Structures are given as structure tokens and as C-alpha cells.
Amino acid sequence: MPPAPGDREARREDVSETVWQVLADKGFGGLTLRAVATAMGVSTGMLMHYFPTKRALIAHALHLLEKRTAERPRRARPGAGLATVRVMLLDILPLTPGDTARNRIWVSSWDLSLADDGLAEEQADRYTRLRSTLLPHLEAARDLGELPADTDLEGLAATAVAFTHGLVVQALFDPDRFPEEVQSAMLDAFLATVAPPRPRRSGAAAAPPDPSAAP
């Protein structure tokens, strides 16, 4: 018998919390109706009143993961321009145990998303939204002179996301080689490559000639 409406709403939070626990322990590869039912101490048949198929369970898990990611604690925004872009990208990296756990779950979801056209489209939309959140701050950086005036901002947003997520994967697989300080330094080095060279101050001494250079 299906649960009564009141019971259904009362148990929804418990179900979501259990789904999250299974994700944290086993990733998407271990997320099954049976695993969630076992963790809740209920029958698979009861759980199917909430998720009639495994795909419905996966879709709910992705929604839950996105919600938890959006609600995670974030660093304070220091101001307009590249400083804020830097903080936004730091918030993506696996620099804390919580961020590492979330990133592990996200990475484990990619295989499932690639195998399902609907889930793949939703994942592409997530990347589109992520890039769009960077654009206003990249525009501010350009207006402040922190980026060249002719910078392709949409291309730079895509490059920044690609760099950051590539670093996420490396840090997850090789955390000893990519601890927090290394990840932060690599991000700073990346952002330094997109900024224009600072003009030399008036009266500054020119660099001495290289004696090994050809005449």
C-alpha cells in the first residue's frame, strides 16, 4: 500500500538523507534501490513508492547533489574582478574533506550521465550555468583592466572551468601530489597567465642585457 500523503512528505527528508549517505559511502556506482532500502531498514517495494525505477533514484540523487553543492559554505567574495573569480574557483576545488566528498560523488556520476541522453543534457546545462556565473566577474575584471580589452570572456570562462575541473580530477586521484597549497598555487598561476603584463613604471630601470645573447 502506498504511504499516505502526510507520511510520504514526512519520510521524504529521511529518504533523501539516506540517498546522500549511500552516495557518500559508495558513489553512484553503489547507488541502488536495494542499497538505499537496506540503509533505511525498509523493503525495496516500499522505496519504489518514491522511486519506481533506478533512473528515478539517480535523477533524485543528482538533484540532491546539486542542491547540497549550492548550499555548501563558501568563501567571502573579496571584491569585483579576478579576486572574486579566484574565490569562486577555489570553492570548486577539493580543498576540504567536505569538498573532496562532493567532488568524488560528482565524478562518479559522469559515467551514468554519459550513458543517458537526458542526464547528459542536464549535466551540460549545469556546466552552462557554472560558466555563466563567472561571466559578470570576468566582465568586471576586464573593465578594471585586469584582463585585456579584447578578451573572449565566454572562452575564458570555459577555459577556467575546464582547468579547475581537470585539477579536481588530478587532486582526487593523487591527493599527496596535489594538496591544498599546490592546488591554490596552480590556480594562481593559471589566473596570472590570463592577465595582461603590468606596464613598467615611469623611470624604472631597464633590465640589464643578457651577456649570453647573440650580438
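Colleague: Sorry if this is basic, but what is going on with the packing of helix 4 (residues 54–71) against helix 6 (residues 97–114) here?
Modeller: The packing of two helices is summarised by the inter-axis angle and the distance between the axes. Running from N to C, helix 4 and helix 6 point in directions that differ by 145°, and their axes come no closer than 11 Å. Crossing angle aside, the handedness with which helix 4 passes helix 6 is left-handed. Listed contacts from helix 6 to Ile58, Leu62, Leu65, Glu66, Arg68 and Thr69 of helix 4 are Arg102, Ile105, Trp106, Ser109, Leu112 and Ser113. Of the residues assigned to the contact of helix 4 with helix 6, the class counts are six nonpolar, three polar and three charged.

Colleague: Just checking my understanding: could you explain helix 6 for this structure?
Modeller: Counting along an α-helix, one turn takes 3.6 residues, and residues three or four places apart therefore face a common direction. Between its first and last C-alpha atoms helix 6 spans 27 Å; for 18 residues at 1.5 Å apiece the expected length is 26 Å, and the two agree. The set of residues buried in helix 6 consists of Asp99, Arg102, Asn103, Ile105, Trp106, Ser109 and Ser113.

Colleague: Just checking my understanding: could you explain the layout of surface pockets for this structure?
Modeller: Picture a little ball the size of a water molecule; that probe, rolled over the atoms, points out where space is still empty. Its boundaries defined by the atoms lining it, the largest pocket holds a volume of some 650 Å³. What lines the largest pocket is a set of 25 residues, among which Thr69, Arg72, Ile92, Trp106 and Leu130 lie closest to the centre. Only helix 4, helix 5 (82–90), helix 6, helix 7 (117–143) and helix 8 (153–173) provide two or more residues apiece to the lining of the largest pocket. The element that contributes the greatest number of residues to the lining of the largest pocket is helix 7, accounting for seven residues. Here the residues of the lining of the largest pocket sort into eleven nonpolar, five polar and nine charged. In this model, the second largest pocket occupies a volume close to 220 Å³. The wall of the second largest pocket is formed by Leu23, Ala24, Lys26, Gly27, Ala101, Arg104, Ile105, Val107, Ser108, Leu172 and Phe173. Of all the secondary-structure elements, those providing two or more residues to the lining of the second largest pocket are helix 1 (5–26), helix 6 and helix 8. In terms of residue count, helix 6 provides more of the lining of the second largest pocket than any other element does, five residues in total. Of the residues in the lining of the second largest pocket, the class split is seven nonpolar, two polar and two charged.

Colleague: Help me understand the environment of Ala160, please; the structure alone is not making it clear to me.
Modeller: Structurally, Ala160 is set in helix 8. A sequence separation of 26 residues divides Ala160 from Leu134, and the C-alpha atoms of the two residues are 9.0 Å apart. Excluding anything up to four places from it in sequence, Ala160 contacts Leu89, Leu134 and Phe190.

Colleague: Would you take a moment to explain the nonpolar core for this structure?
Modeller: Buried together is how nonpolar side chains tend to be arranged in soluble globular proteins. One finds Val85, Leu89, Leu93, Leu134, Leu138, Leu147 and Leu187 to be the most contacted residues of the largest nonpolar core, which totals 27 residues. Apart from the residues within four sequence positions on either side, Leu93 is in contact with Asp99, Asn103, Thr164, Leu167, Val168, Gln183 and Leu187. Of all hydrophobic cores here, the second largest spans 25 residues; its members include Val22, Ala61, Leu65 and Leu119.

Colleague: Any chance you could explain the pattern of salt bridges here in plain terms?
Modeller: Oppositely charged side chains can form a pair if their charged atoms are brought close together. Here the structure, examined in full by the defined rule, presents nine salt bridges. One salt bridge in this structure joins Arg86 and Asp188, with 2.5 Å as the shortest N-O distance. In this pair, Arg86 sits in helix 5 while Asp188 sits in helix 9 (residues 180–194), placing the two residues 102 residues apart along the sequence. With a closest N to O distance of 2.6 Å, Arg102 and Asp99 form a salt bridge. Here the residue Arg102 and the residue Asp99 both occupy positions in helix 6, the gap between them amounting to three residues, near one helical turn. Asp99 shares its class with Arg102; the two are buried. Through salt bridges with shared partners, a single network forms among Glu66, Arg126 and Arg129.

About the criteria used
Residue numbers here run from 1 along each chain, matching the order of that chain's written sequence. Given that the model is predicted, a residue must reach a pLDDT of at least 70 before its local features are reported, and side-chain atom pairs must reach 80 or more before they are shown or counted; all residues, however, enter totals for whole chains, interfaces and linings. Working from all heavy atoms in the structure, the side-chain values ignore hydrogens and water. Throughout, an axis means a line fitted to C-alpha atoms (over the contacting stretch in the case of helices), and angles, computed between N-to-C directions, take values from 0 to 180 degrees. Strands are runs of DSSP state E lasting at least 2 residues, helices are runs of H or I lasting at least 4, and numbering of each runs from the N terminus. Each crossing gets its hand from how the near helix is turned against the far one by less than a right angle, where anticlockwise is left-handed and clockwise is right-handed. Only heavy atoms matter for contacts: two residues are in contact if any of them lie within 4.5 Å across the pair. Here the term charged refers only to Asp, Glu, Lys and Arg, the term nonpolar to Ala, Val, Leu, Ile, Met, Phe, Trp, Tyr, Cys and Pro, and the term polar to all other amino acids, Gly among them. One less than the residue count of a helix, multiplied by 1.5 Å, gives the span that helix is expected to have. The classification of residues rests on relative accessible area computed with a 1.4 Å probe and restricted to protein chains. Under 20% of the type maximum is buried, over 50% is exposed, and intermediate values are partly exposed. A cavity, in this analysis, means grid points on a 1 Å lattice covering only the protein atoms where a 1.4 Å probe fits yet has no way out; a pocket is instead an open set bounded by protein on both sides within 12 Å along at least five of seven lines, and a residue lines either one if it has an atom within 4 Å of a point. Grid points are joined across faces, edges and corners, and a volume is the space filled by probe spheres set on the points. The set of buried Ala, Val, Leu, Ile, Met, Phe, Trp, Tyr and Cys residues whose side-chain atoms join them within 4.5 Å is what this entry labels a nonpolar core. The salt bridge criterion pairs a side-chain nitrogen of Lys or Arg with a carboxyl oxygen of Asp or Glu, the two atoms within 4 Å.

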